[in-house]
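Fold and contact review
Residues per chain are reported as follows:
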Amino acid sequence: MDTHHHHPENDEQYLGLSVNSGVDRPPSVNPYLSRRPRRKPVPTPGELVEGILKGDITSLSRAVTLVESLAPDHYAIAQEVIEKCLPHSGNSRRIGITGVPGAGKSTSIDVFGLEVLRRTGGKLAVLAIDPSSERTKGSILGDKTRMEKLSTHPGAFIRPSPSAGSLGGVARKTRETIVLCEAAGYNNIFVETVGVGQSETAVHSMVDFFLLIQLAGTGDELQGIKRGIMEMADGIIINKADGDNIGPAQLAQAQFRSALHLFPPTASGWQPEVLTYSGYYELGITEVWDMIDRYFAFVKANGYFERKRQEQSRWWMYETIDEQLRKHFYENPDVEALLARNEDDVLANRRSSFAAASEVLNFYFKKR
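I will try to describe carefully the structure that is included in this document. (Residues numbered from 1 in each chain as written. Predicted model: local features only at pLDDT ≥ 70, side-chain atom pairs only at ≥ 80, totals over all residues. Heavy atoms only, no water.)

1. As for the sheet that holds strand 7 (residues 273–276)
The following threshold applies: A pair of strands counts as paired when DSSP detects no fewer than two bridges linking them. Numbering of helices and strands runs from the N terminus; a helix is a DSSP stretch of H or I covering at least four residues, while a strand is a stretch of E covering at least two. Note on geometry: axes are lines fitted to C-alpha atoms, helical ones only across the stretch in contact, with angles between N-to-C directions running from 0 to 180 degrees.
Ordered by their spatial adjacency, 7 strands build an open sheet running 3-2-4-1-5-6-7, and the pairing between neighbours is parallel. With one partner strand each, in any of the chains shown, strand 3 (156–159) and strand 7 form the two edges of the open sheet. When strand polarity is set aside, the average angle formed by the axes of neighbouring strands in this sheet is 20°. Bridge analysis of strand 5 (residues 209–215) against strand 6 (residues 235–239) gives 5 bridges, and the strand direction is parallel. Residue pairing across strands places Leu 215 opposite Asn 239, the latter belonging to strand 6.

2. Quick look at the environment of Ser 352
For the record, the criterion: Counted as a polar contact is a pair of N or O atoms within 3.5 Å, where, for protein atoms, one must be capable of donating a hydrogen and the other of accepting one, and residues adjacent in sequence contribute only when both atoms are in side chains.
Along the chain, Ser 352 falls in the loop between helix 13 (333–347) and helix 14 (353–367). Linking Ser 352 and Asn 342, residues 10 residues apart in sequence, is a C-alpha distance of 9.5 Å. Looking at Ser 352, its side chain comes within polar contact range of the main-chain nitrogen of Ala 355, at 3.1 Å.

3. Some details on unusual backbone geometry
Put simply, the test is: Exposure categories follow from relative accessible area, calculated using a 1.4 Å probe and restricted to protein chains: below 20% of the type maximum is buried, above 50% is exposed, and the middle band is partly exposed.
Notably, Lys 240 is not glycine yet its phi reads approximately 65°, a positive angle. Along the chain, the position of Lys 240 falls in the loop between strand 6 and helix 10 (246–260). When its relative accessible area of 38% is taken as the criterion, Lys 240 is described as partly exposed. Positive phi, normally seen in glycine, also occurs at Asn 349, with a value near 60°. Relative to the helices and strands, Asn 349 is located in the loop between helix 13 and helix 14. Note on Asn 349: relative accessible area 71%, which makes it exposed.

Quick look at the structure:
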């Protein structure tokens, strides 16, 4: 008998008792471990478009991820999806929202979003352009939690800023995401940015209405906001007009109104309005939306709405060309090496900036 499996209990003297030899001990390492989990195959452009047009949020999210991806094959799929979605886009209100940090944008977007969903019964996409996300690796909408009501609302799609690339690249991706959201039936689009830097110009180039959120009682209302942003605004709203702050908010409102009269008339012919409200206590929210409704009625009647959208499309064509040219130039390894050498020469005063630039450009154009 095999000694390995011999049990004394199985001896004849213990009749009626039998002990099985048991099973071989399983290996301590999981045999399935080496099998890598299979990644979901990337859906075809046709499948994505079909899902988006049905309003399927998973298809929309996957398409947006492809738009934001830096992989060339993803870029190709994304462009095809955008082309196919383009005829189904454009039927929304695009609203840009900006304000100095701490002005209460998230709370305001939460209550504005619910108001617009209540009014139109449609769907809302909240997108962001955050130029600082590249440096800090955080995003404006990184904490969706501050939009407590919207983040759980079935009619809302909230997407943080794509953090990869320059402001131009981030802005273009957001612009493409707008097309996808509109094709998926989102008839209200909010594009949020923080009130610093160049991102306002980028947002202004993709929205119909630009809303500036301000705070009262900080003592530097007019100095605290750059003139350029004020000139872009179609509406200025002063937050936290509640309790003891109602007086200062009304004073700031009067100051803004008189300041706006000093600016040249807007291209649309619309006179920007200044309103007060409280995002936290949800006061004055309907008045803000009444103003936005009035604006859309005004620009649709005088033809400015359509004209502005055409201008924007043209602008984005040139922006995209500029971006691709820069990318092609700077990502060329030979150009990179030559640039590094010429930069050293310029810094060491061996060569003028212009001569160095000419050499690199001549090399690039001949190489093509």
